[in-house]
Amino acid sequence: EKLPALWQKCARRAATLFILAAGIVILRSVDIATLLHSAIWTVQSWKDSSPVITMVSCILLVVVWILSFVPLTPLELSIGYLFGFKTAYACVYAGKVIGCSTAFILGRSVAYNWAQRQFGQNELLRALDKAVSERPLQICVLVRFGAIPIAIKNYGLAILTVTTKDFIRSLVVVESLMSTVLVFVGSTAKNLEAIMSGRQPRSAWQAAVVLLGCCMLLALVAYVSLYTRRALREIRKAPQSDKKIQ
């Protein structure tokens, strides 16, 4: 029995190495800079010719991204870079509220059994199971601020005794801040690039102010994340049951 398992393990590793090698070969044969420039130009042209359709498509992309468990941060930064702060914030914030709410509702209804199988034994959720009955809104806020997978923030909370009202309230408040920070960082990168290239002439102190504001926002998020991590660590230390979340 051990020999077939060993062969399967070797086969998986060989397949992984082959895929990585093929990816490296493809990347080396493609002009990444030209490809990115073409993609940026295409999105900008769509935004200028059909702004409403482009915004709706962007919101739907964020929703699908969330439902697919894919980390959202790279997409938020990219949208901020491509669309600028105001448009990007509207798209990202609306997409996150709709996507996270949809995931929570699915986890409470048709996907409950699946979510319970996937996350019912999660150490953090089992630790939160007792605390959430005493401080539901505070726990929802801590989870949303925490550096944990977005699937746990949505589908995971759905299997706990969290009311839909508390989930939505924490979602609307927390993501208004988180979306602001990430979209601002993405748009700042574009502004700094324009300043450095001379397309958007500004003085050195203006560029420094933009960069300083970006750093301060990131420092704020880092501080909040640190506080959240400590609070969740304290909750984990509390006595908890070994049973699966029901």
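Look up: the structure comes first, before these words.
The text that follows walks through the structure, step by step, so that each part is easy to find. Quantities reported herein were computed from a predicted structural model and do not represent experimental measurements. (Residues numbered from 1 in each chain as written. Predicted model: local features only at pLDDT ≥ 70, side-chain atom pairs only at ≥ 80, totals over all residues. Heavy atoms only, no water.)

Thoughts on the overall build of the protein chain
Argument step 1. A count of helical and extended segments in the protein chain gives eleven helices and zero strands.
Argument step 2. Helices (α) and strands (β) of the protein chain occur, in sequence order from the N terminus, as α-α-α-α-α-α-α-α-α-α-α.
Argument step 3. The 246 residues of the protein chain split such that 36% are buried.
Argument step 4. Counting only contacts in the protein chain whose residues sit at least 6 apart along the sequence, the fraction spanning at least 24 positions is 82%.
Argument step 5. About 14,900 Å² of surface is accessible on the protein chain, with carbon and sulfur atoms providing 68% of the total. (Helix = DSSP H or I, 4+ residues; strand = E, 2+ residues; numbered from the N terminus. Buried < 20%, exposed > 50% of the residue type's maximum accessible area, 1.4 Å probe, protein only. Contact = heavy atoms within 4.5 Å. Areas by Shrake-Rupley, 256 points an atom, 1.4 Å probe, with all protein chains shown as cover.)

Here's the deal with the pattern of salt bridges
Argument step 1. On inspection of all chains with the given rule, the structure shows four salt bridges.
Argument step 2. Note that Arg-144 is salt-bridged to Glu-175, the shortest N-O span being 3.2 Å. In this pair, Arg-144 sits in helix 8 (residues 136-145) while Glu-175 sits in helix 10 (residues 164-197), placing the two residues 31 residues apart along the sequence. Each member of the pair Arg-144 and Glu-175 is classed as buried.
Argument step 3. Beyond isolated ion pairs, a larger network of salt bridges with shared partners links Glu-76, Lys-96, Arg-144 and Glu-175. (Salt bridge = Lys/Arg side-chain N within 4 Å of Asp/Glu carboxyl O.)

Thoughts on the nonpolar core
Nonpolar side chains in soluble globular proteins tend to end up buried together.
Argument step 1. One finds Ile-79, Phe-119 and Leu-157 to be the most contacted residues of the largest nonpolar core, which totals 39 residues.
Argument step 2. Other than its neighbours up to four places away in sequence, Phe-119 contacts Trp-114, Leu-125, Ala-151, Ile-152, Tyr-155, Gly-156 and Ile-159. (Core = buried A, V, L, I, M, F, W, Y, C linked by side-chain atoms within 4.5 Å.)

What about a nonpolar patch on the surface?
Argument step 1. A grouping of Val-52, Val-56 and Leu-60 is seen on the molecular surface, where their side chains present a nonpolar patch of about 290 Å² in accessible area.
Argument step 2. With respect to the helices, strands and loops of the structure, Val-52 is situated in helix 3 (residues 51-67). (Patch = residues over 30% accessible without salt bridge, like charges linked within 9 Å, V, L, I, M, F, W, Y side chains within 5 Å.)

Thoughts on the packing of helix 6 (residues 112-119) against helix 9 (residues 150-158)
Argument step 1. Contact geometry of helix 6 with helix 9 gives a least axis separation of 9 Å together with a crossing angle of 115 degrees. Classed by the angle they form, the pair helix 6 and helix 9 counts as roughly perpendicular. By crossing handedness, the relation of helix 6 to helix 9 is classed as left-handed. In this structure, helix 6 contributes Tyr-112, Trp-114, Ala-115 and Phe-119 to the contact, and helix 9 contributes Ala-151, Ile-152, Tyr-155, Gly-156 and Ala-158. (Axes fitted to C-alpha atoms, helices over the stretch in contact; angles between N-to-C directions. Parallel < 35°, antiparallel > 145°, perpendicular 65-115°, else oblique. Left-handed = near helix turned anticlockwise from the far one by under 90°.)

Considerations on helix 4 (residues 73-83)
Argument step 1. Listing the buried residues of helix 4 in full gives Leu-75, Glu-76, Ile-79, Gly-80, Leu-82 and Phe-83.
Argument step 2. Gly-84, located one to two residues past helix 4, shows a positive phi value of around 85 degrees.

Points about the packing of helix 7 (residues 123-134) against helix 8
Argument step 1. For the pair helix 7 and helix 8, the least separation of the axes is 6 Å and the interaxial angle reads 135 degrees. In terms of their interaxial angle, helix 7 and helix 8 are classed as oblique. Residue-level contacts link Leu-128, Ala-131, Val-132, Ser-133 and Glu-134 of helix 7 to Pro-136, Ile-139 and Val-143 of helix 8.
Argument step 2. In terms of residue class, the contact of helix 7 with helix 8 is built from six nonpolar, one polar and one charged. (Nonpolar A, V, L, I, M, F, W, Y, C, P; charged D, E, K, R; others polar.)

Here's the deal with the side chain of Thr-54
Argument step 1. Secondary-structure assignment places Thr-54 in helix 3.
Argument step 2. Taking relative accessible area as the criterion, Thr-54 reaches 11% and is therefore assigned buried.

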